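Summary of structural features
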Amino acid sequence: MTSTSLPDSLITTLPGSAYTDPEIFAQEQERIFEAMWFCAVRSSDLARPGAFRTVEVGRESILITRARDNSIRAFFNVCRHRGAKLCTEETGEVKRAFQCPYHAWTYDLTGKLVAAPNLTKMPDVGRSEYGLVGVATREWLGYVWVCLAENPPPFDEVVQDVVARLGDTESIERYDIDNLEVGKRIVYDVKANWKLIVENFMECYHCATIHPELTEVLPEFADGYAAQYYVGHGAEFGAEVKGFTVDGSEGLDRIPGVTEEQDRRYYAITVRPQVFINLVPDHVIFHRMYPVAADRTIVECDWLYLKHVVESGKDVSRSVELFDLVNRQDFDACERCQPAMSSRLYAKGGVLVPSEHHIGEFHDFVQERLGTGSSQ
Amino acid sequence: MIPVCLLVELPRGEAYRLDIDPPVSVFHTDDGEVFAIDDTCTHQDASLADGWLEGCEVECPLHASKFDLRTGAVDAPPAKRPVRTHEVFVVDGMIYVQPSTEAPNLPPCIAARLAGEPA
Ligand code: FES
Ligand code: FES
Ligand SMILES: [Fe+2]
């Protein structure tokens, strides 16, 4: 401890600067988002060969596409000639190749340099060597995860975050997330540091105060203990509640693999560093964060349902409305905190109450990655 | 006549670039026909063998000009002038090309180089 000792009930948060300092943010980009597996896009968003998305991962723009053989490919979105940004659109589809808008270097869907002005006069320019530079990819839960590290850590690190929450991997596999369909997507532009959003997601001390509707559906949230506090615990729906909807009315068709034990329960998982997953019997809510600045984070949220539910045009709005409301309530709270992070009063940070103590593990994780260690 | 390669070595839908001066590309279409045209696009220095073959047409990989393999005619701009076509023979499974005696329509930068000017 640097200053006064705290009562046993309380532990400290990170200092205010951790949420505002652009240099700390740059380090997080380098040592967290560019070093770990990062959940980039929903695989079904790349439906056909040539469909692409560009995403910011740490400080890099990454181009993700599907090649002719249907494999997923990800590249640094940087032309090998003189560095023009290859694709400026966030999403789109090319017929056969990516062409740099500057001097027309042209790369096929596997990244190989296939054409360029005067290229045949330069037979010593290797077409693979001067092709786009790839980054590691994995598909899991129907999403494309990328890793910019030269030697990516084992993907099992990602899976272990789910195991730590649910106790095993079967529990999540039963929701068959790969094969669910996006029924709704909402993108939130949150004026808050990404860590405020993670911390908020991890605790439920705030639930009874800012989430009256959610607490109606999950009455045990009034205790303030998040589903994330216990291993394998799912919060149970209230006795009168028919489904995970804004008014507790009937939900959609239940995902067939969901067990009796998992039925009428809500599970929440944080997959570090930037994914939150909520599991309910009839749908899955999947959040991806894209931290863009120390004080700004884009959150892309998918509501995933059974294919036939989406295809038949069933009304999913009441279930979307519930968590959209929860998200807006949460992000408002994060945005309320962000300005105070630079207050003189918050220089040493705030405190965590017992039902929030598990957030300390997240702080340890961040400090370990940055090599700053805790001062306690 | 210049030998190119064995027909079996050139799968349908692919092209072979014959490295003579100026280079010639030989296409084996999806329908099984073989055509030879000048390899260099008449718009800029791009290899048409690297382009996209569709039916009896090749699309330049750089700015999408299209040339008819049978006539060399421009089917889509920005190229304005046709490419030359060359006669093709297949003898005992071997592809041969009889180079055209017409003057080639090379793009400005290459024509300048051939004329000895700085490009
Ligand atoms: S910078 Fe891309 S072709 Fe020149
Ligand atoms: S080089 Fe062929 S169209 Fe421009
Ligand atoms: Fe919340």
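Residues numbered from 1 in each chain as written. Chains lettered and ligands numbered in written order. Predicted model: local features only at pLDDT ≥ 70, side-chain atom pairs only at ≥ 80, totals over all residues. Heavy atoms only, no water.

In many reports, interface size means the accessible area that the parts give up when they come together. Residues and elements named next belong to chain A. Partitioning chain A into domains gives domain 1 (38–147) and domain 2 (168–370). Summarising the inter-unit geometry, the C-alpha centres of domain 1 and domain 2 are found 32 Å apart. Taken together, the contact between domain 1 and domain 2 spans 14 residues of the former and 17 residues of the latter. Across the domain 1 to domain 2 interface the summed buried area is about 1,300 Å²; carbon plus sulfur atoms make up 59%. Considering only the surface of domain 1 that becomes buried against domain 2, Arg-42, Leu-141 and Tyr-143 emerge as the three largest contributors, covering 43% of it. For the pair domain 1 and domain 2, the interface holds two salt bridges. Here Asp-45 and Arg-185 are joined by a salt bridge, their closest N and O atoms 2.8 Å apart. Counting every contact that joins domain 1 to domain 2 gives eight residue pairs in polar contact (both at pLDDT 80 or more). Those elements giving two or more residues to the side of domain 1 that touches domain 2 turn out to be strand 2 (38–42), strand 3 (51–57) and strand 11 (143–147). A per-element tally of the side of domain 1 that touches domain 2 places strand 2 first, with five residues. (Domains from an automatic or database assignment. Contact = heavy atoms within 4.5 Å. Buried area = accessible area lost by both parts, 1.4 Å probe. Salt bridge = Lys/Arg side-chain N within 4 Å of Asp/Glu carboxyl O. Polar contact = N/O pair within 3.5 Å; in protein donor to acceptor, adjacent residues only side chain to side chain. Helix = DSSP H or I, 4+ residues; strand = E, 2+ residues; numbered from the N terminus.)

Residues and elements named next belong to chain A. The full count for this structure, using the stated rule, is 18 aromatic pairs over all chains. Connected via pairs of aromatic rings, a cluster forms that spans Phe-33, Phe-38, Trp-194, Tyr-290, Phe-362 and Phe-365. The ring of Tyr-19 carries Lys-195 above its face, with NZ or CZ at 5.0 Å from the centroid. Above the ring of Phe-365, the side-chain terminus of Arg-272 is found at 4.8 Å from the ring centroid. (Phe/Tyr/Trp six-rings, centres within 6.5 Å; stacked < 30°, edge-to-face > 60°. Lys NZ or Arg CZ within 6 Å of the ring centre and 35° of its normal.)

All names here are of chain A. Strand order across the open sheet formed by four strands is 5-4-3-6, with antiparallel pairing between neighbours. Strands at the two margins of the open sheet, each flanked by one partner only, are strand 5 (72–76) and strand 6 (91–93). Taking each pair of neighbouring strands and ignoring which way they run, the sheet shows an average axis angle of 25°. By the bridge criterion, three bridges tie strand 3 to strand 6 in an arrangement that is antiparallel. Pairing of Ala-51 across the sheet is with Glu-93, part of strand 6. (Pairing = 2+ DSSP bridges. Axes fitted to C-alpha atoms, helices over the stretch in contact; angles between N-to-C directions.)

All names here are of chain A. Along helix 1 (residues 22–33), the residues that are buried comprise Ile-24, Phe-25, Glu-28, Gln-29, Ile-32 and Phe-33. What you see down the axis of helix 1 is that its buried residues fit within an arc of 150°, all on one side. Next to the buried residues of helix 1 lie strand 2, strand 3, helix 4 (194–202), strand 16 (283–293) and helix 9 (359–370). Capping of helix 1 at its N-terminal end is provided by Asp-21; its side-chain oxygen lies 2.7 Å from the backbone amide nitrogen of Glu-23. (Buried < 20%, exposed > 50% of the residue type's maximum accessible area, 1.4 Å probe, protein only. Arc of directions from axis to C-beta.)

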